[in-house]
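Given next are the chains, with one letter for each unit.
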Amino acid sequence: QDEPAADHLLTRWRETLDAQGRVDFDGLLGRARDLLRDRAEVRRHYQRQFRYLHIDEFQDVDGVQAELVCLLCGFEQNEVDHPPRLFVVGDPQQSIYRFRGAAVDQFVRMEQTIRNRQGLSLRLTRCFRSQARLVGFFNHIFAQVFQPPEGLPETGQIRYAPVEPVRPDESPAPAVECLFLPSEGGAQEARAIVADSTMGRNRVFMRTV
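## Some points on the packing of aromatic side chains
- Going through the model one piece at a time under the given rule, you end up with 7 aromatic pairs.
- On the basis of an interplanar angle of 15° and a centroid distance of 5.6 Å, the ring pair of F138 and F142 is categorised as stacked. Taken together, the positions of F138 and F142, both in helix 6 (residues 132-145) and 4 residues apart, correspond to about one turn of that helix.
- In this structure, R100 is placed above the aromatic ring of Y97, and the distance from its NZ or CZ to the ring centre is 4.7 Å.

Have a look at this one:
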């Protein structure tokens, strides 16, 4: 059976990189992970070099990157007395990079790993930016949208966490306006309608069917 086209192209790509002595982004990550995993002296060096490791947007981390973090912090193999202390920030609800290998379950696994090592897991649910009615609108909408499909493992499910508003309402005007786009016409007509709308308002654009 012939090799699938994608696998053939990937093989050719890797052969070309090897022939030119180069690595792509995935190769750089993989080699760094392999170096820390397979070379104890390198692992010890970097575990001693850093006191703290702070990672933002952890919901966008892929499996290899998560392994790198665990190796640097001594979660899997640790030969030093004081490996780096880990501080992770992220929001599973904002996980949008699955197309490049990021997996939201990496965030869930890391949270559980930190808890198992007597670390803290804090939920930040207070919103200081938006007015109360706007927060209430999105709480209502997203609580219905974030319904995990059945059959997925718990680590792969995203459940909406309501936000608590801190900033009060400052105007009696509606917090949100819904502008319905006509069902006829293409994207260019829709963009023109959106562009002609008054700026500075919270508007949700919908297309009628």
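From this point, the discussion proceeds with the structure in view.
## Focus: the nonpolar core
- Counting 18 residues, the largest nonpolar core has L36, L53, F58, V69 and M110 as the members making the most contacts within it.
- Considering every element that reaches this core, the biggest residue donor is helix 4 (residues 63-72), with 6 residues.
- Sequence-distant contacts of F58, defined by excluding residues within four places in its chain, comprise V69, V88, V89, G90, Q106, F107 and M110.

## A short note on the pattern of salt bridges
- Taken as a whole and assessed by the stated rule, the structure comprises 11 salt bridges.
- In this structure, R39 and E41 form a salt bridge, with 2.6 Å as the shortest nitrogen-oxygen distance.
- Exposure remark for R39: the relative accessible area of 42% places this residue in the partly exposed category.
- Residue class for E41 comes out partly exposed when judged on its relative accessible area of 38%.
- When salt bridges that share partners are traced, they join R33, D34, R37, D38 and E67 into one network.

## Let's talk about the side chain of D62
- If you trace the backbone, D62 turns up in the loop between strand 1 (52-55) and helix 4.
- Although D62 is buried, it makes no salt bridge; R100 carries the closest opposite charge, 4.9 Å away.
- Within the structure, D62 has its side chain in polar contact with the backbone nitrogen of Q65 (distance 2.8 Å).

## Remarks on helix 4
- Along helix 4, 7 of the 10 residues are buried, which leaves the element largely enclosed by surrounding structure.
- For helix 4, the full list of buried residues reads Q65, A66, L68, V69, C70, L71 and L72.
- In this structure, the buried residues of helix 4 make contact with helix 2 (25-38), helix 3 (40-49), strand 1, strand 2 (85-88) and helix 5 (104-116).
- Measuring from the backbone nitrogen of V64 back to the side-chain oxygen at the start of helix 4 gives 3.2 Å, which picks out D62 as the cap.
- G74, located one to two residues past helix 4, shows a positive phi value of around 75°.

## As for the packing of helix 2 against helix 3
- At a minimum axis distance of 5 Å, the contact between helix 2 and helix 3 shows a crossing angle of 100°. Looking at the two axes, helix 2 sits roughly perpendicular to helix 3. Here L35, L36, R37 and D38 of helix 2 come into contact with helix 3, specifically with A40, V42, R43 and Y46.

## Description of the side chain of R43
- If you trace the backbone, R43 turns up in helix 3.
- Separated by 2.6 Å, the side chain of R43 and the backbone oxygen of L36 make a polar contact.
- Dropping the residues within four chain positions of it, R43 is found in contact with L36, R37, D38, L71, Q77 and E79.

## Some points on unusual backbone geometry
- Even without a glycine there, the phi angle at E57 is positive, about 55°.
- Inspection of the secondary structure assignment puts E57 in the loop between strand 1 and helix 4.
- Judged by relative accessible area, E57 falls into the partly exposed class, the value being 40%.
- Residue Q118 is not a glycine yet carries a positive backbone phi of 65°.

## Concerning the environment of E41
- Along the chain, E41 falls in helix 3.
- Between the C-alpha atom of E41 and that of E79, which follows or precedes it by 38 residues, the distance is 9.3 Å.
- Here the side chain of E41 touches R39 through a polar contact of 2.6 Å, side chain to side chain.

About the cut-offs
- Residues numbered from 1 in each chain as written.
- Predicted model: local features only at pLDDT ≥ 70, side-chain atom pairs only at ≥ 80, totals over all residues.
- Heavy atoms only, no water.
- Phe/Tyr/Trp six-rings, centres within 6.5 Å; stacked < 30°, edge-to-face > 60°.
- Helix = DSSP H or I, 4+ residues; strand = E, 2+ residues; numbered from the N terminus.
- Lys NZ or Arg CZ within 6 Å of the ring centre and 35° of its normal.
- Core = buried A, V, L, I, M, F, W, Y, C linked by side-chain atoms within 4.5 Å.
- Buried < 20%, exposed > 50% of the residue type's maximum accessible area, 1.4 Å probe, protein only.
- Contact = heavy atoms within 4.5 Å.
- Salt bridge = Lys/Arg side-chain N within 4 Å of Asp/Glu carboxyl O.
- Lys, Arg positive; Asp, Glu negative; His and termini not counted.
- Polar contact = N/O pair within 3.5 Å; in protein donor to acceptor, adjacent residues only side chain to side chain.
- Axes fitted to C-alpha atoms, helices over the stretch in contact; angles between N-to-C directions.
- Parallel < 35°, antiparallel > 145°, perpendicular 65-115°, else oblique.

As far as function goes, none of this settles anything; it's purely spatial.
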